[in-house]
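Listed below are the residues making up each chain.
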Amino acid sequence: MSPSGIRRGGPPLTEAEAEDLLRCICFKTGPPRTVGVELEWLVHELRDPRLPVRPSRLAAALDTVRTLPLVSALTFEPGGQLELSSRPAGSLMECLDSLAADLTAVRAALGPLGLTLSGYGVDPWHAPRDRVLHEPRYDAMETALGRTGPAGRAMMCESASVQVCLDAGLEEPGPLGYHRRWQLSHLLGAVLVAAFANSPVHGGRRTGWRSTRQALWAELDPRRALAPPRDGEPRAEWAAHVLDTPVMCVRAEEGPWTVPEGLTFREWLRTGLPRPADADDLRYHMTTLFPPVRPRGHLELRMVDAQPGPDGWMVPVAVTTAVFDDPEAAETVYRAVKPLAELAGPGPAPRNPLWLAAARDGLADPELHAAARAVFSAALDALPRIGASEGVRRAVAAFHERYVIPGSCPADDLQVVTS
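Residues numbered from 1 in each chain as written. Predicted model: local features only at pLDDT ≥ 70, side-chain atom pairs only at ≥ 80, totals over all residues. Heavy atoms only, no water.

Here's the deal with the overall build of the protein
(1) Moving on: Each helix and strand in the protein was counted, giving 16 helices and nine strands.
(2) Moving on: Taken over C-alpha atoms, the radius of gyration comes to 21 Å for the protein, in line with the 22 Å a tight globule of 419 residues would show.
(3) Moving on: Expressed as lengths along the three principal axes of its C-alpha atoms, the size of the protein is roughly 55 × 55 × 40 Å.
(4) Moving on: Looking at the 419 residues of the protein, the share that counts as buried comes to 58%.
(5) Moving on: Sequence separation of 24 or more characterises 76% of the internal contacts of the protein that already satisfy a separation of 6 or more.
(6) Moving on: Summed over all atoms, the accessible surface of the protein reaches about 16,500 Å², with 54% contributed by carbon and sulfur.
(7) Moving on: Between the averaged position of the 44 positive side-chain charges in the protein and that of its 52 negative side-chain charges there is a distance of 2 Å. (Helix = DSSP H or I, 4+ residues; strand = E, 2+ residues; numbered from the N terminus. Rg over C-alpha atoms; globule rule 2.2 N^0.38 Å. Buried < 20%, exposed > 50% of the residue type's maximum accessible area, 1.4 Å probe, protein only. Contact = heavy atoms within 4.5 Å. Areas by Shrake-Rupley, 256 points an atom, 1.4 Å probe, with all protein chains shown as cover. Lys, Arg positive; Asp, Glu negative; His and termini not counted. Charge placed at Lys NZ, Arg CZ, Asp CG, Glu CD.)

Right under this line is the structure:
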């Protein structure tokens, strides 16, 4: 590994080798056992979140947080958003309890500094935010995504999410099979967008979207944020999607990274220019793809807005885990969301009509509302079977009663934020 942290010296990769590698590493099958969560938070002024936090003050606070002995991995997004990534946990409650303890420690460190963590899908008040992190990856990302408009910068610096990571599933057919879970994720994902939409205001103005964050993802890039076709064989479709997506950057050991325009990874392999690509380049390229569901051995569900309150994030994690990993709930939910495929049409998420309706209308959309009611009912039945605590079950039931039954979402509580 070079001083810059870039592995170099691997043999050049052929196109056939790349396809084989992608098929091997992206869907690792077996009985679903583990769950993980990545939580992103905006960092705001404690006494009044509408007041801007100076970049120097934010940087100093983040340095303080870095000294904490956390179980979760701590990272920061380009705009200074704080991210905690849990270790893979053997149960829902192990994951929730571990992350909750780390969040308590982080909040305790930020409070005396006059700062707090805020759960919104996008920053309601501060846009555009200055980029706090200046690293070759983010320099290249801003250049590449900036070619198609401002959505890329907003996603980098002003958005936050709850990302749920679950095992890919079994090799065999059925509700826990990886093929079924892949299909389910792209239909259920729209329901999760709608139910947990929490970003109707961006930079002090109403946007017309319940989930502005999801609208930004839909605008992000002609291909980088899209899902591959969901009805084909998942390994083959994902491998083709990875190779046919343009390269965001070509890393260098020294100096700025090259940001080619329109060079797909497949073309890079075939031409060997600007330098031959190796297996580590392919692995890195996959980290620059941002579909709503990203297979990384496990399935990374990336579509849920950050949630309000200190523990609001637990609800989407519990609901998603329950309806994926409990076989009875998985079968019930798959039947409930399968009719949404007709509304989605042949286009990829998040740009197809189903996902756009979820982001724009939330559960005001009647089809998504009906599906959400079925999803939450199945989740509430399944939570005791997967060992959810009484407190978690109460939180999901309260969300169900407050939002899902009447056809609302957290975004509807934010409509007066600028009044």
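Some details on the environment of R373
(1) Moving on: As for its placement among the helices and strands, R373 is situated in helix α15 (residues 366–382).
(2) Moving on: A relative accessible area of 40% places R373 in the partly exposed class.
(3) Moving on: Here the alpha-carbon distance between R373 and G407, two residues 34 residues apart in the chain, equals 8.8 Å.
(4) Moving on: Those residues in contact with R373 that sit more than four places away from it in its chain are V404 and I405.

Some words on the packing of helix α4 (residues 136–146) against helix α5 (residues 151–158)
(1) Moving on: It is the contact of α4 with α5, at a shortest axis distance of 7 Å, that shows an interaxial angle of 145°. Across the interface between the two elements, Y138, M141, E142 and L145 from α4 touch G152, R153, M155 and M156 from α5.
(2) Moving on: Considered class by class, the residues forming the contact of α4 with α5 number five nonpolar, one polar and two charged. (Axes fitted to C-alpha atoms, helices over the stretch in contact; angles between N-to-C directions. Nonpolar A, V, L, I, M, F, W, Y, C, P; charged D, E, K, R; others polar.)

Topic: the confidence of the model for the protein
(1) Moving on: For the protein, per-residue confidence averages 94 on the pLDDT scale, and 97% of positions sit at 70 or higher.
(2) Moving on: The low-confidence segment residues 1–5, where pLDDT is below 50, has five contacts with residues more than four positions distant or belonging to other chains. (pLDDT = per-residue confidence, 0-100.)

Some details on the pattern of salt bridges
(1) Moving on: Under the defined criterion, the tally for this structure stands at 33 salt bridges.
(2) Moving on: Two residues, E15 and R266, come together in a salt bridge whose shortest N-O distance is 2.6 Å. Note that E15 is positioned in helix α1 (residues 15–25) and R266 in helix α9 (residues 265–271), a separation of 251 residues in sequence.
(3) Moving on: The network of salt bridges with shared partners includes E15, E19, D244, R266 and R270. (Salt bridge = Lys/Arg side-chain N within 4 Å of Asp/Glu carboxyl O.)

Quick notes on the environment of A140
(1) Moving on: As for its placement among the helices and strands, A140 is situated in helix α4.
(2) Moving on: On the basis of relative accessible area, A140 is assigned to the buried category, the value being 2%.
(3) Moving on: The sequence separation of A140 and A168 amounts to 28 residues, and the corresponding C-alpha distance is 31 Å.
(4) Moving on: Dropping the residues within four chain positions of it, A140 is found in contact with C249 and V259.

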